[in-house]
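Observations on the three-dimensional arrangement
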Amino acid sequence: QVLVGRRGWIPETPEAFLACVCAEDRERVREAFRQGAGSGEAFDVDFRVQPRGGQPKYAHLDVEFQRDAHGRVVGARGSLQDVTEYRAAQARIHE
């Protein structure tokens, strides 16, 4: 199942990406992007996404920023993982 966007497509802007994040987690993820882009420091964050027609999923996002020769942030790259099963296993362990 696709977590955000659709197969073969990744949202091109942070706001398009954030639209896929569950409303309760959106501001926390937005703030992680803001702080990371402002400082240029890599970050990771866990949050829930709401796939179309499916149950909410837990996701883990790692982002690092690219800088130009003057140290300005000019891009970002990262990975997004579905950690739903991992979170469920953790919950079972702690029951």
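Sequence order sets the numbering: in each chain, residues are counted from 1 along the sequence as written. A pLDDT threshold of at least 70 governs which residues receive local features in this predicted model, and a stricter bar of 80 or more applies before side-chain atom pairs are shown or counted, although totals over entire chains, interfaces and linings include all residues. For the side-chain quantities, the full set of heavy atoms in the structure was used; hydrogens and water were omitted.

1. Some details on the overall build of the protein
Check the secondary structure of the protein and you find three helices and three strands. Counting from the N terminus, the helices are the DSSP runs of H or I reaching at least four residues and the strands are the DSSP runs of E reaching at least two. Overall, the protein shows an N-to-C arrangement of helices and strands of α-α-β-β-β-α. A contact between two residues is defined here by any heavy atoms of the two lying within 4.5 Å. Nonlocal contacts in the protein, meaning residues at least 24 apart in sequence, comprise 37% of its contacts between residues at least 6 apart. Accessible surface for the protein amounts to roughly 6,600 Å². Of this, 49% is attributable to carbon and sulfur atoms. For accessible areas, the Shrake-Rupley method is used with a probe of radius 1.4 Å. Any residue's cover is judged against the shown protein chains and nothing else.

2. Topic: the sheet that holds strand E2 (residues 57-67)
The strands that make up a sheet are held in pairs by hydrogen bonds between backbone atoms, and each pair lies either parallel or antiparallel. For two strands to be treated as a pair, DSSP must find no fewer than two bridges joining them. One open sheet accounts for three strands, arranged E1-E2-E3; its pairing is antiparallel. The strands lining the two open edges of the sheet, one partner per strand, are strand E1 (43-49) and strand E3 (73-82). Here the strands of the sheet are splayed against their neighbours by 30° on average, with no regard to which way each runs. When E1 meets E2, the two strands line up antiparallel, connected through seven bridges. Across the sheet, residue Val 49 finds its bridge partner in E2, namely Lys 57. Interaxial angles span 0 to 180 degrees and are taken between N-to-C directions of axes, which are lines fitted to C-alpha atoms, for helices over the stretch in contact. Running over the sheet, helix H2 (residues 23-39) touches E1, E2 and E3 and is turned about 160° from E1.

3. A look at the pattern of salt bridges
Salt bridges are defined by distance alone: a side-chain nitrogen of Lys or Arg within 4 Å of a carboxyl oxygen of Asp or Glu. Enumeration according to the criterion identifies nine salt bridges in this entry. Between Glu 15 and Arg 30 there is a salt bridge whose closest N-O contact spans 3.3 Å. Highlighted residues: Glu 15 in helix H1 (residues 14-18) and Arg 30 in helix H2, separated in sequence by 15 residues. Between Glu 24 and Arg 48 there is a salt bridge whose closest N-O contact spans 3.9 Å. Taken together, the residues Glu 24 in helix H2 and Arg 48 in strand E1 connect sequence positions 24 residues apart. Given the relative accessible area of 24%, Arg 48 is considered partly exposed. Sharing partners across several salt bridges, the network here consists of Glu 15, Glu 27, Arg 30, Glu 31 and Arg 34. Throughout, exposure labels follow a simple rule: accessible area from a 1.4 Å probe, protein chains only, divided by the maximum for the residue type, with under 20% read as buried, over 50% as exposed, and the rest as partly exposed.

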